[in-house]
Amino acid sequence: MEAQATATVKEALAALYHHPDDTIRTAADRWLQKFQHTLDAWQVADSLLHDESSNLETLMFCSQTLRSKVQRDFEELPSEAFRPLQDSLYKLLKKFNKGPPKVRTQICIAIAALAVHVPVEDWGGGGIVNWLGDEMKSQQEFIPSFLELLIILPQETSSYKIAVRPERRRQFENDLCSSADVALSLLTACLGLDELKEQVLEGFASWLRFCHGVSASTLASHPLVHTSLSSLNTDQFLEAAVNVTSELIHFTVSRDSSGITEQFPLIQILIPHVMGLKEHLKDSSKDEEDVKAIARLFADMGDSYVDLIATGDAMEIVNALLEVTSHSEFDISSMTFNFWHHLKRNLTGRDSYASCGSEMSIEAERNRRMQIFRPPFEILVSLVSSRVEYPEDYHTFSEEDRRDFRHARYAVSDVLIDATDVLGGDSTLKILFMKLIQACGSCAEQNQNWQPVEAALFCIQAIAKSVSVEEKEILPQVMPLLPRLPHQELLLQTVCSTIGAFSKWIDAAPAELPILPPLVDILNKGMSTSEDTAAAASMAFKYICEDCRGKFSGSLDGLFQIYHIAISGVGGYKVSSEDSLHLVEALSVVITTLPPDHARRALELICMPVINSLQEIIQQGENTLQQVPARQLTVHIDRLSCIFSNVKLPEVVAEAVNRYWPTLKVIFDHRAWDTRTMESLCRSCKFAVRTCGRFMGITIGEMLLEIQTLYQQHNQSCFLYLSSEVIKIFGSDPSCASYLASLIQTLFNHTIQLLRTIQDFTARPDIADDCFLLASRCIRYCPDLFVPTELFPRLVDCAMTGITIQHREACKSILCFLSDTFDLAKSPEGEKYRELINTIVLQRGATLTRIMIASLTGALPSGRLEEVSYVLLSLSRAFGGNMLNWTRDCIALIPPQALTDSERSRFLTIISDASSGSSLGSLTDRFAEISEVCRRNKTVQEIVQGALQPHDLTFTVVPRHS
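Calculation notes
Residues numbered from 1 in each chain as written. Predicted model: local features only at pLDDT ≥ 70, side-chain atom pairs only at ≥ 80, totals over all residues. Heavy atoms only, no water. Core = buried A, V, L, I, M, F, W, Y, C linked by side-chain atoms within 4.5 Å. Buried < 20%, exposed > 50% of the residue type's maximum accessible area, 1.4 Å probe, protein only. Helix = DSSP H or I, 4+ residues; strand = E, 2+ residues; numbered from the N terminus. Contact = heavy atoms within 4.5 Å. Axes fitted to C-alpha atoms, helices over the stretch in contact; angles between N-to-C directions. Parallel < 35°, antiparallel > 145°, perpendicular 65-115°, else oblique. Left-handed = near helix turned anticlockwise from the far one by under 90°. Nonpolar A, V, L, I, M, F, W, Y, C, P; charged D, E, K, R; others polar. Patch = residues over 30% accessible without salt bridge, like charges linked within 9 Å, V, L, I, M, F, W, Y side chains within 5 Å. Areas by Shrake-Rupley, 256 points an atom, 1.4 Å probe, with all protein chains shown as cover. Salt bridge = Lys/Arg side-chain N within 4 Å of Asp/Glu carboxyl O. Lys, Arg positive; Asp, Glu negative; His and termini not counted. Charge placed at Lys NZ, Arg CZ, Asp CG, Glu CD. Phe/Tyr/Trp six-rings, centres within 6.5 Å; stacked < 30°, edge-to-face > 60°. Lys NZ or Arg CZ within 6 Å of the ring centre and 35° of its normal. 1 Å grid on protein atoms, 1.4 Å probe; cavity = no way out; pocket = protein on both sides within 12 Å on 5 of 7 lines; lining within 4 Å. Points joined across faces, edges and corners; volume = space filled by probe spheres on them.

Participant: Tell me about the nonpolar core, and please be specific about residues and values.
Facilitator: With 342 residues, the main nonpolar core has Trp 207, Phe 298, Phe 786 and Phe 817 as its most contacted residues. Sort the elements by how many residues they give to this core and helix α6 (residues 101–117) lands first, with eleven residues. With residues near it in sequence (within four places) discarded, Phe 786 still touches Ile 744, Phe 748, Ala 775, Cys 778, Ile 779, Phe 792, Leu 795 and Phe 817.

Here it is, written out as structure tokens:
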């Protein structure tokens, strides 16, 4: 059997790597992947690795196979298999001492994984590190292999590819911490071998996070530290030395280390060595990767010692970090950006001054530090502002390069905003204004050299929110400058954005400054230049109208002209339909400021182009309405949504909704099959309901009757979502109870028929999501219309059927509905429903608990853990003793190889603590540990799910009443 499997593996590998037919190569790959999960893979992989005739392809595949088997499938071996496996891996480690390196690495990872699986005594009295030490002393010719294993051991501790229980993982970490002294001694012993120096440094970096018991003073005089720091000045070992030094810096500030004062012996030798690298940042002969490594080290030092730096006692580090920030390569310069952010937070955050005592002392110390750091932050603003300048060859950039450049500009914006928190927005503006003036002079001298002007303006608009609306010195000079700038497309785009960014200042500007008209002219120019400038201009127009709405109330004719040109598509504007919504919103907020009679007229003027366009399509006949692309309808309906959402005049909007309802109803009736159009129309109705509320009068009843009828015919989930909004607004209104009860009855009855199996849920996730969102809204806003009805238990059954749906939002909605149900039973407001809910849940409790535990242990992705935990918590709080019994019966089904008796006991304790009032935060981590145990590998997860069988449980669904 083994010989046949071995031969088949060889044939499959030959086909995978050498067969000319893609189909055969794919089939071979699929077979090999499947083979790796079999029990035979252990013996075959081991045999081929020991076979001297195996080629490199076979060795790679078999070493990876054996590594993955040890990591994830070790439990499938009998206990007596450990020793032969250990011996075999040890022989392979020595066999591949001189390579191939990739094969040797896989063997090392396999041995490390084996060490994680088994207790320390299985390796002899001192565990794997002591065992390794003995082997290194007795068989020095194999030191390269032993050293690589020593490096990999701490790295694999945190690998979740190794299928072990959490407590065993923690124990292994503790074992390594106890062995750290031995590991450092072994590494020190290898320092004399120059050819292994880089590996030794790598091993030291790897082990440092397990050196909790080693004092800073001991490390300060340690030969490994001395070698690492002296290697910073070598080209050959620089990268490895940087990695060690970075780890040493992290060691001095780690949560496990003692106070910073006790770390000073180590810090005092680290900082001078790092500072000694400062000149290398300017060395043009230095390899770029080496410069990046050095810059990263400075950035690490700054981030780690920011608390110390913020006192003002380490300004040489700040100056060094400014050197890094000034580097011409953005990838290097930007390494310091996190440091400046953390420094800003430290300088401005109250927690940083907790030791100062009184308020007066805190304020005095804060002012002292702010004064110290003003000059560095002023330099920082000057340095980073030049980073956003468009390159001359920007037009040749690929889309990916353009995206990277945009991200770089966003990063600089963040740094500038940080600087305003230290310097103040107005002071930062002055620095950037000087850049703008210089750039404008250069632009005039060098004939349209617009890039520096654009860069300065970009930085100015980035800090707009930090600049005072009372600023009277700089902005009155900036705004008149804007109309005089060249109309280069990218510059014009930034000019428009700048106008929008300072809309609040423009509103507050003195009346004697005639700022607004020329700025509106610029926005008009932007809307007619290109799609990109039109996008920036329309967004700016929205901000201007929002913040300066009072200034526009006498200029409605001009606004309407802009609006009509934009949405008509004629007149030279290049505003896309998406960007036209900004103009719709702009006009809508201005209408809100008008007296009611004027607002009614204005609202009609803004709506009529939209309604007329829809009526033109309708008047072409039913066939045209049925066949027209959805986009030709939704572009207009989305504008109505924007109007209904932003005109905050309930009565006025309600009159318009009532007037235009017949037009909307025709679209409902003839396009109900079209999901895209229905989603747009329901969104419009949602905003109408939200804005108008009870002013909608009879229209709301007609709207609900429409969606009830159409939902039963076309199964559009957006009808459920619209109904959720209606329930939220009208649910507590007794006068609406009759038609809301009819709505709930109709929608839920139909949905329950659609969602009868988990396959139905998977096929219709949007309906599941919106159905249970609606159900939760009913519990919160109109429980009297929902909970006492025959629909409620049927919907609980429906929810139980769909709990294990993999669709994230649908699953969350179902779990939220269930937890809302249990919380209602426990709440004072839900006392009158308690007996009813108790009856429903007690009849289903055992099955529901089993599904929830199955969800926790693998039926749902681990990303649902918090929601699943909360349902278990709510169920435990509401049904404490019963829940404990249901859980006990459920976990008794799980075989002991998946869940031990102590783990069962721990699970029951969690449920007991949940019923006693423990918080979700304290329980989620404990649930997560049980979840990890049951998901630790594919085999265990299949055992658990096979025992609980959440998809095979059946429910008795109450028949639908006619």
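From this point on, the discussion continues.
Participant: Before we move on, could you go through the packing of helix α18 (residues 315–325) against helix α20 (residues 337–348) and cite the residues and values that matter?
Facilitator: Axes are the key here: two packed helices are described by the angle between their axes and the distance separating the axes. The interhelical angle for the contact between α18 and α20, taken along N-to-C directions, is 140 degrees, at an axis separation of 10 Å. With respect to each other, α18 and α20 are oriented oblique. Like other packed secondary-structure pairs, α18 and α20 cross with a definite hand, here left-handed. Contacts between α18 and α20 involve Val 318, Leu 321, Leu 322 and Thr 325 on the former and, on the latter, Phe 337, Phe 339 and Trp 340. Residue classes in the contact of α18 with α20 are distributed as six nonpolar, one polar and no charged.

Participant: Outline a negative patch on the surface, supporting the account with residue identities and numerical values.
Facilitator: Among the surface-exposed residues, Glu 329, Asp 331, Glu 400, Asp 401 and Asp 404 lie close enough to one another that they form a single negatively charged patch. Broken down by element, the negative patch gets its largest block of residues, three residues, from helix α22 (residues 399–423). Structurally, Glu 329 is set in the loop between α18 and α19 (330–333).

Participant: Got a sec to walk through the packing of aromatic side chains? Specific residues and values, please.
Facilitator: Using the criterion set out here, one finds 25 aromatic pairs in the structure. Ring-pair connections join several aromatic residues into one group, and the members of that group are Phe 82, Tyr 90, Trp 123, Trp 131, Phe 142 and Phe 146. Against the face of Tyr 394 rests Arg 402, its NZ or CZ located 4.6 Å from the ring centre. Over the face of the ring belonging to Phe 687 we find Lys 686, whose NZ or CZ atom lies 4.6 Å from the ring centre.

Participant: I'd love a proper account of the environment of His 487, names of residues and values included.
Facilitator: One can find His 487 in the loop between α25 (475–481) and α26 (489–501). The class for His 487 is partly exposed, based on a relative accessible area of 45%. For the pair formed by His 487 and Phe 687, sequence separation is 200 residues and the distance between their alpha carbons is 39 Å. When near neighbours in sequence (up to four residues on either side) are disregarded, His 487 contacts Leu 492 and Lys 525.

Participant: Provide a residue-level description of the layout of surface pockets, including the pertinent values.
Facilitator: There is about 1,100 Å³ of room inside the largest pocket. At the level of elements, α22, α24 (451–462), α26, α27 (503–508) and α29 (531–547) are the ones that each hand at least two residues to the lining of the largest pocket. It is α29 that contributes the most residues to the lining of the largest pocket, eight residues altogether. Class assignment of the residues belonging to the lining of the largest pocket gives a composition of 19 nonpolar, eight polar and ten charged.

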